[in-house]
Amino acid sequence: RGRDGQVRTLQAHPGRLRDNPEYMASCVFKKIDTDKDGHITEPELRHAAEKLNIALDVHAAVKQIDVNNNGQIEFSEFVHAFNDSHSDNYVISALIRQMK
């Protein structure tokens, strides 16, 4: 939500997304973190994948991104995976492609 209370979407700032990867990571994370508790759980990631029609082994995906092994994806872990999305992180790459 913006300062004016309006809900913002990824489409609202297309130039801003391309120019600012940190902003884009934050937007994607917030879209997936549906309960807004600051981390992404398996059910939240499963819901996002289903909504975007992405075939995904959610448990394996969380395990791949979850560096501290607490069973959920913290924002810092997500940003790290997001920044590595150009390499071998299929999960984040697929989410980015679908959510742009």
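What comes next concerns the included structure. (Residues numbered from 1 in each chain as written. Predicted model: local features only at pLDDT ≥ 70, side-chain atom pairs only at ≥ 80, totals over all residues. Heavy atoms only, no water.)

**Some details on the overall build of the protein**
1) Next: Check the secondary structure of the protein and you find 6 helices and 2 strands.
2) Next: Ordered by position from the N terminus, the helices and strands of the protein form the series α-α-β-α-α-β-α-α.
3) Next: Residues classed as buried in the protein amount to 41% of the 100 residues present.
4) Next: Within the protein, residue pairs in contact and separated by at least 24 positions form 49% of the contacts whose partners lie at least 6 positions apart. (Helix = DSSP H or I, 4+ residues; strand = E, 2+ residues; numbered from the N terminus. Buried < 20%, exposed > 50% of the residue type's maximum accessible area, 1.4 Å probe, protein only. Contact = heavy atoms within 4.5 Å.)

**Quick look at unusual backbone geometry**
1) Next: Here the phi dihedral of K36 falls at roughly 55 degrees; this positive angle occurs in a residue that is not glycine.
2) Next: Backbone geometry places N53, a non-glycine residue, at a positive phi of 55 degrees.
3) Next: By the secondary structure assignment, N53 is in the loop between α3 (42–51) and α4 (58–65).
4) Next: With relative accessibility at 71%, the residue N53 sits in the exposed group.

**As for the packing of helix α2 (residues 21–32) against helix α5 (residues 75–83)**
1) Next: It is the contact of α2 with α5, at a shortest axis distance of 10 Å, that shows an interaxial angle of 125 degrees. Comparing their axes, α5 and α2 come out oblique. Handedness of the crossing formed by α2 with α5: right-handed. Across the interface between the two elements, P21, E22, M24, A25, S26, V28, F29 and I32 from α2 touch F75, F78, V79 and F82 from α5.
2) Next: Partitioned by chemical class, the residues of the contact of α2 with α5 number 10 nonpolar, 1 polar and 1 charged. (Axes fitted to C-alpha atoms, helices over the stretch in contact; angles between N-to-C directions. Parallel < 35°, antiparallel > 145°, perpendicular 65-115°, else oblique. Left-handed = near helix turned anticlockwise from the far one by under 90°. Nonpolar A, V, L, I, M, F, W, Y, C, P; charged D, E, K, R; others polar.)

**Observations regarding the side chain of E74**
1) Next: Secondary-structure assignment places E74 in strand β2 (residues 73–74).
2) Next: Among buried charged residues, E74 stands out as having no salt bridge; its nearest opposite-charge side chain is K36, 15 Å away.
3) Next: Within polar-contact distance, the side chain of E74 engages the side chain of N70 at 2.6 Å.
4) Next: Residues within four places of E74 in sequence aside, it is in contact with F29, G38, H39 and N68. (Lys, Arg positive; Asp, Glu negative; His and termini not counted. Salt bridge = Lys/Arg side-chain N within 4 Å of Asp/Glu carboxyl O. Polar contact = N/O pair within 3.5 Å; in protein donor to acceptor, adjacent residues only side chain to side chain.)

**Observations regarding the nonpolar core**
1) Next: Of all hydrophobic cores here, the largest spans 21 residues; its most connected members are I32, I40, L45, I73 and F78.
2) Next: Among the elements of the structure, α2, α3, α4 and α5 are those that each provide at least two residues to this core.
3) Next: The element contributing the most residues to this core is α2, with 5 residues.
4) Next: If we skip the residues at most four places from it in the chain, I32 touches I40, E44, L45, A48, F78 and L95. (Core = buried A, V, L, I, M, F, W, Y, C linked by side-chain atoms within 4.5 Å.)

**Description of the packing of aromatic side chains**
1) Next: Enumeration according to the criterion identifies 2 aromatic pairs in this entry.
2) Next: Centroid distance F29 to F75: 5.1 Å. Interplanar angle 85 degrees. Geometry classified as edge-to-face. Taken together, the residues F29 in helix α2 and F75 in helix α5 connect sequence positions 46 residues apart.
3) Next: Overall, the relative accessible area of 5% leaves F29 in the buried class.
4) Next: Note on F75: relative accessible area 31%, which makes it partly exposed.
5) Next: Aromatic pair F29 and F78: ring centres 5.4 Å apart, planes at 65 degrees, arrangement edge-to-face. One end of the pair, F29, is in helix α2; the other, F78, is in helix α5, with 49 residues separating them in the sequence. Pair check on accessibility: F29 and F78 agree, each one buried.
6) Next: Joined through ring pairs, the aromatic side chains of F29, F75 and F78 make up one cluster. (Phe/Tyr/Trp six-rings, centres within 6.5 Å; stacked < 30°, edge-to-face > 60°.)

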